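Chain and residue survey
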Amino acid sequence: MKPIAKHAELANGLHLSYAEQGTKQGTPLILLPGIADSWRIFEPLLAELPESVHAFALSQRGHGDSDKPATGYRTRDFVQDMRLFMDALQIPKAIIVGASSGGFSARSFAAMHPERTAGLVLLGSPATLTGRPNLFAELKDPIDPGFVRSFAESVLSRSAPVEALASMIAENLKAPAHVWGETGNGLFEETFPGELAKIQAPTLIVWGDRDTIIPKADQLALAEAIKGSKLIAHPGSGHMLYWEEPALIARDIVAYINDGQLTSEKN
């Protein structure tokens, strides 16, 4: 089973690139990537998901082959796009999966649109980035491939196959400087806990204990802020665990969908 690449036209005029796979009668699952990544970052994970999961992997505005407007890169803009994306594809309700910084859009969507959120899954997603410097604010076009390679390698916990890393870098380079900078500004402005208490959907938080970006205390704070959430900590996994260990994360997602019987770690 391979994902089919498509484009959706939203009511605001934007065209977003996405991939779709699985039976149309299956559980709708929308995957949101982090900064600079496109839907293709989920290709390894999509390959591990069963056909019973109706998956939609989205390239958010400015990323991948989606439209790249001059403005509109705050979390609220991505949230509005996702609601319009669901409207365009007639998806009444879905499980929202946010990977890395894509978790900010995913959790805000869940808080703002509980009627459209069947569940929330956060994969290596920080509770907050407040106080950290925006490394992308001074980038200029054309983006330096060396910078992108260094950034990509910094978030990995192990050596990646050459072709896979090259594909990631190529997708990252599709985002122009203003997208990196403005998206970064939005991420670093996100408050915590913000509106997390409004989240009603059952929430799964997945983290790897070799994550060099996000410490355990951050994930415990996130789990505490989202009432009733479950935290899974995978020993030996890193920040990009959904890309580096897709079979492991697919099992977590399928278990969450099927019965929610998940191991909780909050100590």
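In case you missed it, the structure is sitting above this.
Summary of the structure given here. (Residues numbered from 1 in each chain as written. Predicted model: local features only at pLDDT ≥ 70, side-chain atom pairs only at ≥ 80, totals over all residues. Heavy atoms only, no water.)

With that settled, the discussion passes to the overall build of the protein. Helix and strand counts for the protein come out as nine helices and eight strands. For 267 residues, the compact-globule estimate of 2.2 N^0.38 gives 18 Å, and the C-alpha radius of gyration of the protein, at 17 Å, lies within 12% of that figure. Evaluated residue by residue, the protein yields a buried proportion of 56% over its 267 residues. At a minimum sequence separation of 6, the contacts of the protein that also span at least 24 residues come to 75%. By element, 52% of the accessible surface of the protein is carried by carbon and sulfur atoms, the whole surface being about 11,200 Å². Side-chain charges of the protein comprise 24 positive and 31 negative groups, with the mean position of each set lying 3 Å from the other. (Helix = DSSP H or I, 4+ residues; strand = E, 2+ residues; numbered from the N terminus. Rg over C-alpha atoms; globule rule 2.2 N^0.38 Å. Buried < 20%, exposed > 50% of the residue type's maximum accessible area, 1.4 Å probe, protein only. Contact = heavy atoms within 4.5 Å. Areas by Shrake-Rupley, 256 points an atom, 1.4 Å probe, with all protein chains shown as cover. Lys, Arg positive; Asp, Glu negative; His and termini not counted. Charge placed at Lys NZ, Arg CZ, Asp CG, Glu CD.)

Another point: the side chain of Ser 101. Within the secondary structure layout, Ser 101 lies in the loop between strand S5 (94-99) and helix H3 (102-112). Those residues in contact with Ser 101, other than ones at most four positions away along the chain, are Gly 34, Ile 35, Pro 126 and Leu 187.

Another point: the packing of helix H2 (residues 75-88) against H3. It is at 9 Å that the axes of H2 and H3 come closest, and there the two elements cross at 65°. By the criterion of interaxial angle, the relationship of H2 to H3 is roughly perpendicular. Crossing hand, H2 versus H3: right-handed. Facing H2, whose interface residues are Thr 75, Phe 78, Val 79, Met 82, Arg 83 and Met 86, H3 presents Phe 104, Ser 105, Ser 108, Phe 109 and Met 112. Considered class by class, the residues forming the contact of H2 with H3 number seven nonpolar, three polar and one charged. (Axes fitted to C-alpha atoms, helices over the stretch in contact; angles between N-to-C directions. Parallel < 35°, antiparallel > 145°, perpendicular 65-115°, else oblique. Left-handed = near helix turned anticlockwise from the far one by under 90°. Nonpolar A, V, L, I, M, F, W, Y, C, P; charged D, E, K, R; others polar.)

Under the counting rule described, the total for this entry stands at 14 salt bridges. Note that Asp 87 and Arg 116 form a salt bridge whose closest N and O atoms lie 3.0 Å from each other. One end of the pair, Asp 87, is in helix H2; the other, Arg 116, is in the loop between H3 and strand S6 (117-123), with 29 residues separating them in the sequence. Of the charged contacts, one joins Glu 153 and Arg 149 as a salt bridge, the two residues approaching to 3.6 Å between their closest N and O atoms. (Salt bridge = Lys/Arg side-chain N within 4 Å of Asp/Glu carboxyl O.)

Moving on to the pairing of strand S2 (residues 15-21). Of all seven residues in S2, six are buried; the element is thus mostly enclosed. Pairing between strand S1 (residues 4-9) and S2: six bridges, direction antiparallel. In the strand pairing of S2, Ala 8 is matched with Leu 16. The antiparallel pairing of S1 with S2 creates a hairpin that spans five residues between the two strands, and Gly 13 there sits at a positive phi of about 95°. Of the strand pairs in this sheet, S2 and strand S4 (residues 53-58) are connected by four bridges, and their pairing is antiparallel. In the strand pairing of S4, Gln 21 is matched with Ala 55. (Pairing = 2+ DSSP bridges.)

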